[in-house]
Amino acid sequence: MFVENVEWQVRQQPHNAMIAIFRRKTRVAAALFLVLVLYLLVGLIPEHRDTLFGFTYVRTSYDWSKQSLKYPISEYTPLPTGRPLSLPKVQYAFTTDTSPAGVAREEVLASRRAEVKSAFVKSWTSYKNVGFGYDELMPVSGKGRDAPGFGGWGATLVDSLSTLWIMGLKEDFYEAAAAAVTIDWADTRDNSCNFFETTIRHLGGLLGAYDLSLETALLEKAIELGDMLFMAYDTPNHMPPFWLDFDDAKRGNQLAGYHDPSASVTSSSLEFSRLAQLTGNDKYYDVINRVALVLDEWQNKTALPGMWPTFFDFNQLQLDSDSSFTLGALADSLYEYLPKTFAILGGLEPMYEKLYRGSMDTVIKNLLFRPKTPDQDDILFSGNVYVSSDTGPHLTAEVQHLGCFVGGMFGLGGKLFNIPEHLEIGEKITRGCVWAYDAMPTGIMPEIFNLEKCDTLDPCEWDEEQWENEADTTLKKGFKNARDPRYLLRPEAVESVFLMYRMTGNSEYQEMAWRMFQSIRNATETDLAFSSINSVRNVDTVKSDSMESFWLAETLRYLYLTFSSPDLVNLDDYVLNTEAHPLKRPR
Ligand code: DMJ
């Protein structure tokens, strides 16, 4: 027995060993299988789909998160905590109209959407074919080019991501996203980048695309860039310069500017707040909060209390001698970001409401004007004010296309802060911009023009003689001149029209948007895409071979959304940055 047993054991040993190996293998296989199942399951959750869709992520070759700071901040101010406030609804309470008229209307809208989408596809395809990776497509000569200060990181590529997603062009979206996650922020021929443009287009573009698609690779790329842009605040007083100079940032040699456009040094609050929310890292919030505290401190000490001058001396942190005030170029998004940052912070930082209300009271009293027109049109515009130490504020009735975002901003502020008068003002400003579009032979308003104005915001009598003496009478009555007659494919007028449609539910805005789209398409289309034009005054347009990335990021996106279901990028779920990238609002 013993012998037999031994023999049996001897014979059994390899068998037992095999069973043990088999069992181990089974366990390993089972474990591997489990890992695979978990991997697939996690992969199906959109947050982690990056690997499932096979993104090859290329990390930037210089890791700014490891860069030591010359002026470290000992304790970061945390993001406001607590349950987000339940803010008033921004969007009108739309209902679905299933009547025959409602169904017919939806068919009209679907065909308009298709036309806008086809303009986008044409522009995107040409960019892909001949300009891919460059900042912009040259829509006449069919080449790619990099824009000064944009780093050559492919501004159009990053700026277009959210539109690709919104228009349902998912294959192109993933192709573009796969390229975007390989951007190396250290791979640039430039010594510096434009802090504002890189924040709103690249950082905003990546965050918006992440908030829509939940692809973590895009968030990773945004964090890398956020860490680079964060370095701009490493100055003695933590105020950012206009240019982020890479070597200066590494050596701790940065200084804020003595005379920088107020919008460019203040318009990062949305993107940096969102980054802080997504990463849980308060450093991004801390720095934008410091800038807001300066706005707060200065608000009532300027030459036009309530507003801030067009240029800032952030170096000495003092109000410089600038006495010009505008909602147009150089200052625009400073104001735009006040209600928007309030929204992204879930209403938990009341300072932004105070800054908005205070500045808009001043705008209403000093910058808004009603044009003098033969029909006494009930419209408003925002002009420029210069404050003289002798005579006080002087308003020039000069209008900029860039300033047409103001209608939408007043509407948004009116909704969020429950100020019905602001919504009305926003409507009148929006209609003013549309009136200026309709006034030109091309159906597009000029970049900059001057108008005859009434003395107050009330209707006033038309004065033919005055107009004949003062104006270029080849223009529509009410215009004095078209100082800069170009159209640069800008979005601001259609932006306000879109916002007004979503906020009021009034389908007249969809009709305006359709008219504007057709005019823009007629006047700017080239064989390859769409181009800026030299003058909106001649229907025979001269194309200037430029198509900035905001054409794809903003102008076409706003138009598309105007004809889409109000649930697509619902304004109660998202806030749009100044480049129209949708950032998720906290619930
Ligand atoms: C865009 O880059 C942004 O909308 C910015 O705020 C102003 N200029 C362009 C569009 O005109």
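Okay, the site of the ligand next. Around the ligand, the neighbouring residues are Ile 200, Arg 201, Leu 402, Arg 490, Pro 491, Glu 492, Phe 550, Glu 554, Thr 578 and Glu 579. Within the side chain of Glu 554, a nitrogen or oxygen atom sits 2.9 Å from an oxygen atom of the ligand. Glu 579 places a polar side-chain atom, nitrogen or oxygen, 2.6 Å from an oxygen atom of the ligand. Here the ligand has 290 Å² of accessible area as a free molecule, and 92% of this is covered by the chains. Looking at the shell around the ligand, the elements that each hand over two or more residues are α6 (195-213) and α19 (550-562). Of the residues in the shell around the ligand, the class split is 4 nonpolar, 1 polar and 5 charged.

Pairing of strand β10 (residues 384-388) with strand β11 (residues 392-396), which is carried by 5 bridges, proceeds in the antiparallel orientation. For Val 387, the partnering residue across the bridge sits in β11 and is Pro 393. Count of turn residues in the β10/β11 antiparallel hairpin: 3 residues.

What follows is about the side chain of Asn 315. In this structure, Asn 315 sits in the loop between β6 (311-312) and β7 (324-325). Taking the relative accessible area as the measure of exposure, Asn 315 reaches 15% and is therefore buried.

This part covers the sheet that holds β10. Read across the sheet, 3 strands follow the order β7-β10-β11 without closing on themselves; strand pairing throughout is antiparallel. Either end of the sheet is taken by a strand with one partner, and the two such strands are β7 and β11. Both β7 and β10 contribute to a ladder of 2 bridges, which runs antiparallel. Residue pairing in the sheet places Phe 325 in a bridge with Val 385 of β10.

What follows is about the confidence of the model for the chain. On average, residues of the chain score 93 in pLDDT, and 91% of them are at 70 or above. Note on residues 1-22: pLDDT under 50 across the span, and 1 contact to partners over four residues away in sequence or across chains. Counting contacts from residues 40-50, a segment whose pLDDT is below 50, to residues more than four positions away or on other chains yields 24 contacts.

In this section: the nonpolar core. Proteins that are soluble and globular tend to have nonpolar side chains buried together. Counting 169 residues, the largest nonpolar core has Leu 161, Phe 410 and Leu 556 as its most contacted members. When residues no more than four places from it in sequence are discounted, the contact partners of Phe 410 are Tyr 356, Met 360, Val 363, Ile 364, Leu 368, His 422, Leu 423, Ile 425, Gly 426 and Ile 429.

Taken together, 3 strands build an open sheet; the order of strands is β12-β13-β14 and the sheet is antiparallel. The open sheet is flanked by β12 (398-400) and β14 (479-484), the only strands paired with a single partner. In this sheet, adjacent strand axes meet at a mean angle of 25° when their direction is disregarded. Pairing geometry for strand β13 (residues 448-451) and β14, over 3 bridges, is antiparallel. Bridging from a neighbouring strand, Ile 448 pairs with Asp 484 of β14.

Further remarks concern the packing of aromatic side chains. The geometry of an aromatic ring pair is captured by the separation of the ring centres together with the interplanar angle, meaning the angle of the planes. For the coordinates displayed, the defined rule picks out 33 aromatic pairs. With 5.5 Å between their ring centres and 45° between their planes, Trp 308 and Tyr 335 make a pair best called tilted. Taken together, the residues Trp 308 in the loop between α11 (283-298) and β6 and Tyr 335 in helix α12 (residues 332-344) connect sequence positions 27 residues apart. Judged by relative accessible area, which is 0%, Trp 308 ranks as buried. With a centroid separation of 5.7 Å and 25° between ring planes, the pair formed by Trp 514 and Phe 517 is classed as stacked. One end of the pair is Trp 514 and the other is Phe 517, both in helix α18 (residues 508-524) and 3 residues apart, which spans about a single turn. Phe 517 matches Trp 514 in its accessibility class, with the two residues each being buried. It is Lys 283 that lies over the ring of Phe 230; its NZ or CZ is 4.6 Å from the centre.

The rules behind these values
Residues numbered from 1 in each chain as written. Predicted model: local features only at pLDDT ≥ 70, side-chain atom pairs only at ≥ 80, totals over all residues. Heavy atoms only, no water. Near = heavy atom within 4 Å. Polar contact = N/O pair within 3.5 Å; in protein donor to acceptor, adjacent residues only side chain to side chain. Areas by Shrake-Rupley, 256 points an atom, 1.4 Å probe, with all protein chains shown as cover. Helix = DSSP H or I, 4+ residues; strand = E, 2+ residues; numbered from the N terminus. Nonpolar A, V, L, I, M, F, W, Y, C, P; charged D, E, K, R; others polar. Pairing = 2+ DSSP bridges. Buried < 20%, exposed > 50% of the residue type's maximum accessible area, 1.4 Å probe, protein only. pLDDT = per-residue confidence, 0-100. Contact = heavy atoms within 4.5 Å. Core = buried A, V, L, I, M, F, W, Y, C linked by side-chain atoms within 4.5 Å. Axes fitted to C-alpha atoms, helices over the stretch in contact; angles between N-to-C directions. Phe/Tyr/Trp six-rings, centres within 6.5 Å; stacked < 30°, edge-to-face > 60°. Lys NZ or Arg CZ within 6 Å of the ring centre and 35° of its normal.

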